[in-house]
Structure formats: C-alpha cells, structure tokens
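# What the coordinates show
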Amino acid sequence: MHDLKLERFYKPRRTVNDMVELPDGPIKTFTLRGIKDTPPYLHDGRLMTLADTVEFFNLVLGVKLTQDEKDDLVAYMLAL
Ligand code: HEM
C-alpha cells in the first residue's frame, strides 16, 4: 500500500463538476504483469495509456525523465 499524496497538487474538498475532490489515501500498488492489456490505469481509470501513466509518475515523483527514458519505460511495460 502506498499513499502518493496527490492532494499536494490540488485543494482538497473543492467541488468540481458536482464532485468533491478528496484525498485517495493509501492505494494498493498493482502488479505490472500483463499491464498492457488492462487500460485505463490507476484505481479510478484516470489514465488512458501507459505513456500517460509514465508521465503521471514523472510529475508526481519529480524525477525529470527524458523522452528516451519515458519511451524505455513504456517499452518495458509493454513486454511484461
Ligand atoms: C516511473 C516509475 C513508475 C512507473 C512507470 C509506474 C507504473 C505504474 C502503473 C502502470 C500503474 C497502474 C497499474 C494499474 O492500473 O493496473 C501504477 C500504479 C501505482 N503505482 Fe506506480 N509506477 C512508478 C512508480 C511508482 C512508485 C515509486 C510508487 C510508490 C511510491 C508507485 C506506486 C503506485 C501505486 C500506489 C499505484 C496505484 C495508484 C492508484 O491506483 O491510484 N509507483 N504504477
């Protein structure tokens, strides 16, 4: 279980399109095995592609991946 603390990036309890934005709390870290066959990604399907997911973690973790590194991660996950 990991809490990515995404509420760092928005103001919790704000209402957007009649939905209240709340922190997710700890979420189970899914296995990446066979990941290419199970879009959309994250527990609520907010990310449509693996490239989106790599970009999501690039921003959330602040790791500043190059385009080559992002492409390599997607290629790796496509092979799992
Ligand atoms: C560049 C590095 C990373 C990549 C490419 C990556 C990839 C992924 C992918 C593809 C998923 C979606 C799985 C699915 O929906 O079935 C996922 C989910 C998740 N990963 Fe990562 N991950 C990375 C780093 C991390 C790190 C460092 C952590 C922990 C600190 C982490 C924790 C999680 C959690 C908690 C979820 C579930 C989130 C949710 O459903 O809201 N990931 N990851």
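Let me begin by describing the structure that accompanies this report. Only a predicted model underlies this, so the values are computations on that prediction, with no experimental measurement involved. (Residues numbered from 1 in each chain as written. Predicted model: local features only at pLDDT ≥ 70, side-chain atom pairs only at ≥ 80, totals over all residues. Heavy atoms only, no water.)

### A closer look at the side chain of Lys 70
The criterion, for reference: The numbering of helices and of strands both runs from the N terminus, where a helix is a DSSP run of H or I of at least 4 residues and a strand a run of E of at least 2. The criterion used for residue contact is that any of the two residues' heavy atoms lie within 4.5 Å.
Mapped onto the elements, Lys 70 comes out in helix H2 (residues 67–78). Beyond its immediate chain neighbours, meaning those up to four positions away, Lys 70 contacts Val 54, Glu 55, Asn 58 and Leu 65.

### A closer look at the site of the ligand
Keep this limit in mind: Any residue with at least one heavy atom within 4 Å of a molecule or strand is counted as near it. Counted as a polar contact is a pair of N or O atoms within 3.5 Å, where, for protein atoms, one must be capable of donating a hydrogen and the other of accepting one, and residues adjacent in sequence contribute only when both atoms are in side chains. Throughout, the ten residues Ala, Val, Leu, Ile, Met, Phe, Trp, Tyr, Cys and Pro are labelled nonpolar, Asp, Glu, Lys and Arg are labelled charged, and all others, Gly among them, are labelled polar.
Close to the ligand lie 16 residues; Phe 30, Ile 35, Leu 42, His 43 and Phe 57 are nearest. Within the contact set of the ligand, an oxygen atom lies 2.9 Å away from a backbone nitrogen or oxygen of Leu 42. Here an oxygen atom of the ligand sits 2.5 Å away from a polar atom, N or O, in the side chain of His 43. Elements with a contribution of two residues or more to the shell around the ligand: helix H1 (50–61) and H2. In terms of residue count, H1 provides more of the shell around the ligand than any other element does, four residues in total. Classifying every residue of the shell around the ligand gives eleven nonpolar, four polar and one charged.

### Here we look at the pattern of salt bridges
Note the cut-off: The term salt bridge refers to a pairing of a side-chain nitrogen on Lys or Arg with a carboxyl oxygen on Asp or Glu at a separation within 4 Å. Accessibility here uses a 1.4 Å probe with only protein chains present; expressed as a share of the type maximum, an area under 20% marks a residue as buried, one over 50% as exposed, and anything in between as partly exposed.
This structure, assessed with the given rule, holds six salt bridges. Where Arg 14 meets Glu 21, a salt bridge forms, and the shortest distance between an N and an O atom there is 3.2 Å. A relative accessible area of 44% means that Arg 14 is categorised as partly exposed. Assessed through its relative accessible area of 24%, Glu 21 is described here as partly exposed. Linking Lys 70 and Glu 55 is a salt bridge whose minimum nitrogen-to-oxygen distance equals 2.7 Å. Taken together, the positions of Lys 70 in helix H2 and Glu 55 in helix H1 put the pair 15 residues apart, joining distant regions of the chain. Since its relative accessible area comes to 15%, Lys 70 is described here as buried. Through salt bridges with shared partners, one network takes in Asp 24, Asp 44 and Arg 46.

### Section: the environment of Pro 23
Looking at the element boundaries, Pro 23 is found in the loop between strand E2 (19–20) and H1. For Pro 23, a relative accessible area of 36% translates into the label partly exposed. Ignoring any residue separated from it by four or fewer positions in sequence, one finds Pro 23 in contact with Glu 7, Tyr 10 and Pro 12.

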